[in-house]
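Residue-level structural notes
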Amino acid sequence: MCKVAGLVGAETWQIVSLKQGTEEYTLAYSGIPCDGPEVLRAYTERGEGCLEQLEGPFALAVWESAAKRLFLARDRLGIKSLFYALRGDTLLFASALKDLLENPLLEPELDINGVSELLLLGPGRTPGCGVLRGVEELLPGCCGYFEKGEFRQHRYWALKDRAHIESFEQTAEHVRALVLEAVRRQLPSEGPVGTLLSGGLDSSLVSAIAQERLRETGHTLVTFSVDYEGNDQYFTPNKFQPNRDGAYIARMNEFLGADTEHVHVTLGTEELAAALYAAAEARGLPGMADVDGSLLLFCKKIRERVPVALSGECADEIFGGYPWYRDKEIRELDGFPWAQSTAYRASFLRPEFASQIDAAAYVDGRYRETLRETDALPGASPLEKRMKEMMRLNLDWFMRTLLDRGDCMAGHSRLDLRVPFCDCRIVEYLYGVPWEMKDYQGREKGLLREAMRGLLPEEILWRKKSPYPKTHNPAYREAVSAMLREVLADPGAPLLQLVKKEALEGLLTADSTVPWYGQLMTTPQTIAYFLQLNYWMKRFRVHVA
């Protein structure tokens, strides 16, 4: 007999039922941008074949009462999460890890594999891994049946290379059409809508396309931007962030016109530090430190004005916008380009874990597995094959971390945050486009810029990439350092079960240039990550096996 332990975190799902003869079907779904009853009818007619009709983000479960089996499926790109755990002949599942951790049937236990995930890869994690013992995540593009106490799953969609026969001009036209359609499809049919606007290429494109369509329907677009207390004084231009966003945001709002409303949010240092714990709880794991916390606070402000907002995230992974796509030296290094820090990370492990974990082999194994799963046409040049690998690494790892961040931080305030660039049509098409086209004029996202000419002011269209803004105020490091000192003063702090106290004490006085994860997580954010890890273990009663 198989048991399904209800819906964990049921408030995050919508539920519909349909009776056909003696069989009753019940659908629970999260994120499907279409009619639930229609999806359920399609399932009764076509089974898993109904997934071909579904577009955009979704996680779903269908219970067949007579057959006593459960069908689970997740969208192609993993925009929506779907975690599960088998406990004997019982299956627990949830669309958010935090909901699964609240179930009394799940005893949160951290084994050596989980420690490796948190300390060597976090806030990234191996695809399909739920970090805790026995907790897994259904992979994107996968589905499966749970019956007779066993869960069998398989892929229904995979990213495949294909021959590209279009000219550059045709490719640019194709990209333009795909992006326009993706943004328009993500706009709600009625009600107010917002966009996250940084003044960069991606968010500006989403805002401009949304504004054009909303004008046709008579609705007002509300744009939202975020900055931090003290950044006007402490911001220093660098390789990754050459300038601040303010002037570009102002230019875009002028361009969008007086019928667009703009809301600027400034986050204080104390509230940013305090938000670390709420962000870890929302994600169900330690995350991207203040980058998570700031988005959680930002989404709360956005939700006060609109229920739906569109973000420009995911364009960099698809169009090759990150520095590691274009820096030949970084690109040719083995390992995850955003986390060349394995030895530094391993230096924090307590001796009993360090002796059991071959840190370099663990990380390299995950990296190599992703390379093996990368599809490339026979005869592809070494450069073309490498760029396919880079795109696959970014889609499976870095983008997944950002998608988790967006979904969890927005979900905390019940904001529907949509990512139109994360569209399977765009991803499938761009995967086959040669790198020399994507790298048009030697510029990051050169193809996208050329394809969208005329939609934006030239200074916005060709603005150098700038990442999600973070705080540069030294008061933030002071705040999180004081918080970590409080943790270190507690001999019962869960964090000290995993991490050497002396390494954390050294971190408080260090001025390390080694980023923990990407260009946004430097020493202050590394301190904050350990704070989140400690809180997470305490909040969810995680014990170490």
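Quick caveat: nothing in here was measured; it's all calculated off a predicted structure.

Here we take up the overall build of the protein. A tally of regular secondary structure across the protein gives 23 helices and 17 strands. For a compact globule of 545 residues, the expected C-alpha radius of gyration is about 24 Å, and the protein comes in at 23 Å, within 12% of that figure. When its C-alpha atoms are laid out on the principal axes, the protein stretches across 65 × 60 × 55 Å. Each of the 545 residues in the protein was classed as buried or not, and the buried ones make up 58%. The long-range fraction of contacts in the protein, counting pairs at least 24 apart against all pairs at least 6 apart in sequence, stands at 73%. Looking at the protein as shown, the accessible area adds up to about 21400 Å², and 50% of this sits on carbon and sulfur atoms. Looking at the protein, you have 64 positive and 77 negative side-chain charges, and the mean spots of the two groups are 1 Å apart.

With that settled, the discussion passes to the packing of aromatic side chains. Inspection of the entire model under this criterion finds 25 aromatic pairs. Between Phe348 and Phe530, the ring centres sit 5.0 Å apart and the planes meet at 45°, which makes this aromatic pair tilted. Here Phe348, found in the loop between helix H13 (342-346) and helix H14 (351-354), pairs with Phe530, found in helix H23 (residues 523-539); they are 182 residues apart in sequence, far enough to count as distant. By relative accessible area, which is 3% here, Phe348 ends up buried. On the accessibility criterion, Phe530 (0% relative accessible area) is buried. Here Phe398 and Tyr517 contribute two aromatic rings whose centre-to-centre distance is 5.5 Å and whose plane-to-plane angle is 15°, an arrangement assigned as stacked. Of this pair, Phe398 sits in helix H16 (residues 382-412) while Tyr517 sits in the loop between helix H22 (501-509) and H23, placing them 119 residues apart in sequence. Just as Phe398 is buried, Tyr517 falls in that class too. Of the aromatic side chains, those joined through ring pairs into one cluster are Tyr322, Trp324, Phe336, Trp338, Tyr367, Trp397, Phe398 and Tyr517. Between the NZ or CZ atom of Arg405 and the centre of the ring of Tyr468, over which it lies, the distance is 4.4 Å.

With 157 residues, the main nonpolar core has Leu119, Val179, Phe319, Leu430, Met452, Phe530 and Trp536 as its most contacted residues. Those residues within four positions of Met452 in sequence are excluded, and the remaining contacts are Arg176, Val179, Leu180, Leu205, Ile209 and Leu461.

Interhelical geometry of helix H15 (residues 359-372) versus H16 gives an angle of 120° and a closest axis separation of 9 Å. Considering only the axes of H15 and H16, their crossing is right-handed. Packed against H15, whose contacting residues are Arg366, Tyr367, Thr370 and Leu371, the element H16 presents Arg386, Glu389, Arg392, Leu393, Asp396 and Trp397 at the interface. Split by residue class, the contact of H15 with H16 holds four nonpolar, one polar and five charged.

Right, let's get into the environment of Ser198. Positionally, Ser198 belongs in the loop between strand E12 (193-196) and helix H5 (201-217). Residue Ser198 is classed as partly exposed on the basis of its relative accessible area, which comes to 25%. In sequence terms Ser198 and Gly149 are 49 residues apart; their C-alpha atoms lie 49 Å from each other. When near neighbours in sequence (up to four residues on either side) are disregarded, Ser198 contacts Ser203, Asp245, Ile249 and Arg463. At 3.2 Å, the side chain of Ser198 forms a polar contact with the backbone nitrogen of Gly200.

Let us look at helix H21 (residues 474-488). For H21, spanning 15 residues, the distance from its first C-alpha to its last is 21 Å, which sits close to the expected 21 Å at 1.5 Å a residue. Listing the buried residues of H21 in full gives Tyr476, Val480, Ser481, Met483, Leu484, Val487 and Leu488. Buried residues along H21 cover an arc of 160° about the axis, so they all sit on one side. Facing away from the buried side of H21 by more than 90 degrees, the exposed set consists of Glu478 and Glu486. Looking at the packing, one finds that the buried side of H21 touches helix H8 (269-283), helix H9 (290-303), H22 and H23. Capping the start of H21 is the job of one residue whose side-chain oxygen sits 2.9 Å from the backbone nitrogen of Ala475: Asn473.

Let us look at the sheet that holds strand E13 (residues 221-228). Read from one edge of the open sheet, five strands run E14-E13-E12-E15-E16, paired in parallel fashion. Edge positions in the sheet fall to strand E14 (261-267) and strand E16 (416-418), since each has one partner strand and no second. Pairs of neighbouring strands in the sheet enclose a mean axial angle of 25°, with direction left out of account. Note: strand E15 (residues 308-310) against E16, three bridges, orientation parallel. Pairing of Ala309 across the sheet is with Leu417, part of E16.

The rules behind the values
- Residues numbered from 1 in each chain as written.
- Predicted model: local features only at pLDDT ≥ 70, side-chain atom pairs only at ≥ 80, totals over all residues.
- Heavy atoms only, no water.
- Helix = DSSP H or I, 4+ residues; strand = E, 2+ residues; numbered from the N terminus.
- Rg over C-alpha atoms; globule rule 2.2 N^0.38 Å.
- Buried < 20%, exposed > 50% of the residue type's maximum accessible area, 1.4 Å probe, protein only.
- Contact = heavy atoms within 4.5 Å.
- Areas by Shrake-Rupley, 256 points an atom, 1.4 Å probe, with all protein chains shown as cover.
- Lys, Arg positive; Asp, Glu negative; His and termini not counted.
- Charge placed at Lys NZ, Arg CZ, Asp CG, Glu CD.
- Phe/Tyr/Trp six-rings, centres within 6.5 Å; stacked < 30°, edge-to-face > 60°.
- Lys NZ or Arg CZ within 6 Å of the ring centre and 35° of its normal.
- Core = buried A, V, L, I, M, F, W, Y, C linked by side-chain atoms within 4.5 Å.
- Axes fitted to C-alpha atoms, helices over the stretch in contact; angles between N-to-C directions.
- Left-handed = near helix turned anticlockwise from the far one by under 90°.
- Nonpolar A, V, L, I, M, F, W, Y, C, P; charged D, E, K, R; others polar.
- Polar contact = N/O pair within 3.5 Å; in protein donor to acceptor, adjacent residues only side chain to side chain.
- Expected span 1.5 Å × (residues − 1).
- Arc of directions from axis to C-beta.
- Pairing = 2+ DSSP bridges.

Worth remembering: the numbers are spatial, not functional.
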